[in-house]
Amino acid sequence: PVTVFKNPKEASINVAHRIASIIKEKQAKNLNAVLGLATGATPIAVYAELVRLHQEEGLSFKNVITFNLDEYYPMQATAAQSYVSFMNENLFDHIDIDKNNVHIPDGTLKLEDIPAFCLAYENKIGEYGGLDMQILGIGRTGHIGFNEPGSAPNSGTRLVTLDDLTRRDAARDFGGKSFVPTKAITMGIGTIFKAREIVLMAWNRKKASIIKKAVEGEMSSDVPATYLQLSDNVEFILDEEAASLLT
Ligand code: F6R
């Protein structure tokens, strides 16, 4: 299903409140909430609302386990552009989560250690009982996570090569496309699919054409997000601009 909100702020608050509900439901049963998280511009206001709920309304993240979708490769955790830095700045540094419960693909691994790391990442999600909710943005290539065109619907966590358009879109963060890593470690489409709920968010006019393809287009590995059409557990949360080309 597709839900359209007037603006990104209202949509983000709605998503944040769903996440908070999951956390509280689990707390009531003394269980962990296992969340799949995304970086990028899209979820920033979701994280801001979660921080507000923590600071002003006492929402605790002590029972929360997180798995981020992806990380550039190679990437030092301390680098300004790392997804570790992004998550700390936008969420983790402002809430009471136990940092031992935070999982982000490791951009510092030696190439030969990546396959074992990726398998362990998948297994760890499973050991925690799977993701209760995965939140997603969408790239203009149609990627979810960094599953670029050509990704298989049953793909797992792995090292991938970033599309040229994705690197151009990231150029501003890195001070030029040539400084954007050519690779990333990402959860696979198969990994994402195992989440009990998937929420894909998109805002602004520049996402309208890829949202049209993702929601209404023919399913194809050319637009990996079209695979979400196969899932009964996915919801597209859009603002009016991102939804503007839908029929
Ligand atoms: C980020 C991720 C990417 C982004 C996508 C959209 O962890 O996996 O798929 O969600 O590139 O990025 P923004 O939100 O910056 O437009």
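What you see is a predicted model; the values in this text were computed from it and never measured. (Residues numbered from 1 in each chain as written. Predicted model: local features only at pLDDT ≥ 70, side-chain atom pairs only at ≥ 80, totals over all residues.)

### Here's the deal with the overall build of the protein chain
Test applied: In DSSP terms, a helix is any run of H or I states spanning at least four residues, a strand is any run of E spanning at least two, and both are numbered starting from the N terminus. With the radius of gyration taken over C-alpha atoms, the globule rule is written as 2.2 Å times the number of residues to the power 0.38. To assign burial, the other C-beta atoms lying within 10 Å of each residue's own C-beta are counted, with C-beta atoms placed from the backbone; 20 or more indicates buried, 12 or fewer indicates exposed, and intermediate counts indicate partly exposed. For the purpose of contact definition, each residue receives a C-beta atom placed from its backbone, and two residues are in contact when these atoms lie within 7 Å.
Counting secondary structure elements, the protein chain contains seven helices and 10 strands. In terms of overall size, the protein chain behaves like a compact globule, its C-alpha atoms giving a radius of gyration of 17 Å where 247 residues would be expected to give roughly 18 Å. Reported as C-alpha extents along the three principal axes, the dimensions of the protein chain are approximately 45 × 45 × 35 Å. Residues counted as buried form 41% of the 247 residues belonging to the protein chain. Here the analysis covers contacts within the protein chain between residues at least 6 apart in sequence; of these, 80% occur between residues at least 24 apart.

### Considering the sheet that holds strand 4 (residues 70-73)
Put simply, the test is: Here, strands pair whenever DSSP counts at least two bridges between them. To obtain each axis, a line is fitted to C-alpha atoms, and for helices this fit is confined to the stretch in contact; angles are then taken between N-to-C directions over 0 to 180 degrees.
Strand order across the open sheet formed by three strands is 4-8-7, with antiparallel pairing between neighbours. Single-partner strands in this sheet number two, and they are strand 4 and strand 7 (158-161). For this sheet the average axis-to-axis angle between neighbouring strands, irrespective of direction, equals 30°. Pairing geometry for strand 7 and strand 8 (residues 183-186), over four bridges, is antiparallel.

### Let's talk about the UniProt feature "domain: Glucosamine/galactosamine-6-phosphate isomerase" (unreviewed entry) in the protein chain
Applied cut-off: UniProt positions are given in the numbering used here, feature names are shortened, and annotations may be inferred rather than shown by experiment.
With numbering matched to this structure, UniProt assigns "domain: Glucosamine/galactosamine-6-phosphate isomerase" (unreviewed entry) to residues 8-229. Secondary structure over residues 8-229 splits into 37% helix and 15% strand, and the C-alpha atoms at its two ends are 23 Å apart.

### Describing the site of the ligand
Our working definition: In this analysis a residue is considered near a molecule or strand if the C-beta atom, reconstructed from its backbone, is found within 6 Å of that molecule or strand. Note on residue classes: Ala, Val, Leu, Ile, Met, Phe, Trp, Tyr, Cys and Pro are nonpolar, Asp, Glu, Lys and Arg are charged, and everything else, Gly too, is polar.
In the region of the ligand, 14 residues are neighbours, and G40, A41, T42, G137 and G139 sit closest. Per-class residue counts for the shell around the ligand are six nonpolar, seven polar and one charged.

### Quick word on the packing of helix 1 (residues 8-28) against helix 2 (residues 44-57)
As a reminder, the rule being used: Oblique is the label for any angle not covered by the other classes, which are roughly parallel (under 35 degrees), roughly antiparallel (over 145) and roughly perpendicular (65 to 115). A crossing counts as left-handed when the near helix is turned anticlockwise from the far one by less than a right angle, and as right-handed when that turn is clockwise.
Viewed as axis vectors pointing N to C, helix 1 and helix 2 meet at an angle of 55°, and their least axial separation amounts to 8 Å. Taken together, the axes of helix 1 and helix 2 lie oblique to each other. Judged by the twist between their axes, the crossing of helix 1 over helix 2 is right-handed. Of the residues in helix 2, those touching helix 1 at P8, K9, S12, I13, V15, A16, I19 and A20 are A45, V46, E49, L50 and L53.

### Structural notes on unusual backbone geometry
Cis peptide bonds are those with omega within 30 degrees of zero, and the linkage from Y73 to P74 qualifies with -5°. Positionally, P74 belongs in the loop between strand 4 and helix 3 (83-90). Positioned with a positive phi, N30 is a non-glycine residue whose angle comes to about 60°. Along the chain, N30 falls in the loop between helix 1 and strand 2 (33-37). Of the residues examined, N30 has 7 C-beta atoms within 10 Å and is grouped as exposed. Look at N204: it is not a glycine, yet its phi comes out positive at around 80°. Its place among the elements puts N204 in the loop between strand 9 (198-202) and helix 7 (208-216).

### Digging into the pairing of strand 8
Bridge count for strand 4 against strand 8 is four bridges, and the pairing is antiparallel. Pairing of Y73 across the sheet is with K183, part of strand 8.

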